[in-house]
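Overview (structure and organization)
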Amino acid sequence: SVPVMVKGVFAVDPVTVEPYAGLALSLLAGAEWEAHAGGLDLSDSNTGDFNAIDLGVIFGAEMWFEVAESFYLTGDVRFAFGVIDIIDGSNDNGVYNFATSFLFGAAYRL
């Protein structure tokens, strides 16, 4: 996946908020699935059933909270929505990627 995003910076001491949005182009590297239900086990690894390209819309925000000089607590929330049906030749309502990410950490800026 290759994201291309635009990011803004809004700083009000001691907090900096950095919202971002953009697109991500993803290429299929492999496709495997498994299903287990009622004693029935199914699996397949046929990449021909899936589109080779997926395009997604990404948006989110990162926040930096300065705890001490050059030391920060950070948080990031990101949403990604696929806009291309990932099942090749699908006749149903479509199957699209969706992801939500939450990241938390600490950072030291030089």
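We now turn to the structure provided with this report. What you see is a predicted model, and the numbers here were worked out from it, not measured in a lab.

**Some points on the overall build of the protein chain**
The secondary structure content of the protein chain amounts to 0 helices and 8 strands. Sequence-ordered secondary structure for the protein chain, helices as α and strands as β, is β-β-β-β-β-β-β-β. The C-alpha atoms of the protein chain give 19 Å as radius of gyration, which overshoots the globular expectation for 110 residues (13 Å, by more than 25%). With the C-alpha coordinates of the protein chain rotated into their principal frame, the extents come out at 55 × 30 × 25 Å. Looking at the protein chain residue by residue over its 110 residues, the buried ones come to 18%. Accessible area of the protein chain: about 7,800 Å², with a carbon and sulfur share of 62%.

**Remarks on the pattern of salt bridges**
Under the definition given, this model contains 2 salt bridges. Of the charged contacts, one joins lysine 7 and glutamate 18 as a salt bridge, the two residues approaching to 3.0 Å between their closest N and O atoms. On the criterion of sequence distance, the pair formed by lysine 7 in strand β1 (residues 2-7) and glutamate 18 in strand β3 (residues 15-27) is long-range, its members being 11 residues apart. A relative accessible area of 9% places glutamate 18 in the buried class. Taking the shortest distance from any N to any O, the salt bridge between lysine 7 and glutamate 62 comes out at 2.9 Å. Here lysine 7 is found in strand β1, whereas its partner glutamate 62 is found in strand β6 (residues 53-68), with 55 residues between them in sequence. We classify lysine 7 as partly exposed; its relative accessible area is 46%. Via salt bridges that share partners, Lys7, Glu18 and Glu62 belong to a single interconnected network.

**A closer look at a nonpolar patch on the surface**
Among the surface-exposed residues, Leu23, Val57, Phe59, Phe81, Val83 and Phe98 lie close enough to one another that they form a single nonpolar patch of about 520 Å² accessible area. By the secondary structure assignment, leucine 23 is in strand β3. Take leucine 23: its relative accessible area is 45%, and that puts it in the partly exposed class.

Rules used throughout
- Residues numbered from 1 in each chain as written.
- Predicted model: local features only at pLDDT ≥ 70, side-chain atom pairs only at ≥ 80, totals over all residues.
- Heavy atoms only, no water.
- Helix = DSSP H or I, 4+ residues; strand = E, 2+ residues; numbered from the N terminus.
- Rg over C-alpha atoms; globule rule 2.2 N^0.38 Å.
- Buried < 20%, exposed > 50% of the residue type's maximum accessible area, 1.4 Å probe, protein only.
- Areas by Shrake-Rupley, 256 points an atom, 1.4 Å probe, with all protein chains shown as cover.
- Salt bridge = Lys/Arg side-chain N within 4 Å of Asp/Glu carboxyl O.
- Patch = residues over 30% accessible without salt bridge, like charges linked within 9 Å, V, L, I, M, F, W, Y side chains within 5 Å.

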